[in-house]
Amino acid sequence: MTAAILPLEIDRDSCDYCKVAQERADYPLYRAQCRGCAVRSLACGPMFFQSGLDGSLSAPYRKALCGIFGDAWRQGHDLVKAEHARVKAARQQEVAS
Ligand SMILES: [Zn+2]
């Protein structure tokens, strides 16, 4: 049986883990039902990283975006980029303090 990663059964935009993650750059916990966690996991994950190296969205990354955002996957990618920038800035702030 192939691991069925998508579609996720997302039923919320944010959660308690998302809240903690706003204060800790590399908070390691995620909820499968949460869109905010899905965005954060993509922003910190290898598919987004590889797409950045390649300069184009890889098929697996785009599939993941579609699984979360459906037809609005482009806007989802914008959210992932914004989350990546937020986490990166938060890491630098933690190193500086
Ligand atoms: Zn969450």
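Parameters at a glance
Residues numbered from 1 in each chain as written. Predicted model: local features only at pLDDT ≥ 70, side-chain atom pairs only at ≥ 80, totals over all residues. Helix = DSSP H or I, 4+ residues; strand = E, 2+ residues; numbered from the N terminus. Rg over C-alpha atoms; globule rule 2.2 N^0.38 Å. Buried ≥ 20, exposed ≤ 12 C-beta atoms within 10 Å, placed from the backbone. Contact = placed C-beta atoms within 7 Å. Axes fitted to C-alpha atoms, helices over the stretch in contact; angles between N-to-C directions. Parallel < 35°, antiparallel > 145°, perpendicular 65-115°, else oblique. Nonpolar A, V, L, I, M, F, W, Y, C, P; charged D, E, K, R; others polar. Arc of directions from axis to C-beta. Core = buried A, V, L, I, M, F, W, Y, C linked by C-beta atoms within 7 Å.

**Student:** What is the right way to read the overall build of the protein chain from this model?
**Tutor:** From N to C terminus, the protein chain includes five helices and zero strands. For 97 residues, the compact-globule estimate of 2.2 N^0.38 gives 13 Å, and the C-alpha radius of gyration of the protein chain, at 14 Å, lies within 12% of that figure. For the protein chain, the spread of C-alpha atoms along the three principal axes comes to 45 × 30 × 25 Å. Counting the 97 residues in the protein chain, one finds 20% classified as buried. For the protein chain, long-range pairs separated by at least 24 residues make up 40% of all intrachain contacts whose partners lie at least 6 apart in sequence.

**Student:** Honestly, the packing of helix α4 (residues 59-69) against helix α5 (residues 73-96) in this entry has me stumped. Any pointers?
**Tutor:** Between two packed helices, both the angle of their axes relative to each other and the distance between the axes serve to describe the pair. Running from amino to carboxyl end, α4 crosses α5 at an angle of 105 degrees, the nearest separation of the two axes being 9 Å. By the criterion of interaxial angle, the relationship of α4 to α5 is roughly perpendicular. Within the contact between the two elements, α4 uses Arg-62, Leu-65, Cys-66, Ile-68 and Phe-69 and α5 uses Trp-73, Gln-75, Gly-76 and His-77. Of the residues contributing to the contact of α4 with α5, the split by class is five nonpolar, three polar and one charged.

**Student:** Any chance you could explain α4 here in plain terms?
**Tutor:** Because each turn of an α-helix spans 3.6 residues, side chains separated by three or four positions end up pointing in the same direction. Of all the positions in α4, only Tyr-61, Ala-64, Leu-65 and Ile-68 are classed as buried. Down the axis of α4, the sector holding all buried residues measures 100 degrees, keeping them to one side. As for α4, its buried residues are in contact with α2 (35-43), α3 (46-54) and α5. Phi turns positive one or two residues past the end of α4, at Gly-70, with a value near 65 degrees.

**Student:** I'm lost on the nonpolar core in this one. Help?
**Tutor:** Side chains of nonpolar character tend, in soluble globular proteins, to be buried together. With 14 residues, the main nonpolar core has Ala-38, Val-39, Leu-42, Ala-64 and Val-80 as its most contacted residues. Among the elements of the structure, α1 (16-21), α2, α4 and α5 are those that each provide at least two residues to this core.

**Student:** Quick question: what am I supposed to make of the environment of Ser-58 here?
**Tutor:** Looking at the secondary structure, you find Ser-58 in the loop between α3 and α4. For Ser-58, a count of 15 C-beta atoms within 10 Å corresponds to the partly exposed category. The spacing of Ser-58 and Ile-10 is 48 residues in sequence and 23 Å in space, taken between C-alpha atoms. Once you skip the residues sitting within four places of it in the chain, Ser-58 turns out to touch Met-47, Gln-50 and Ser-51.

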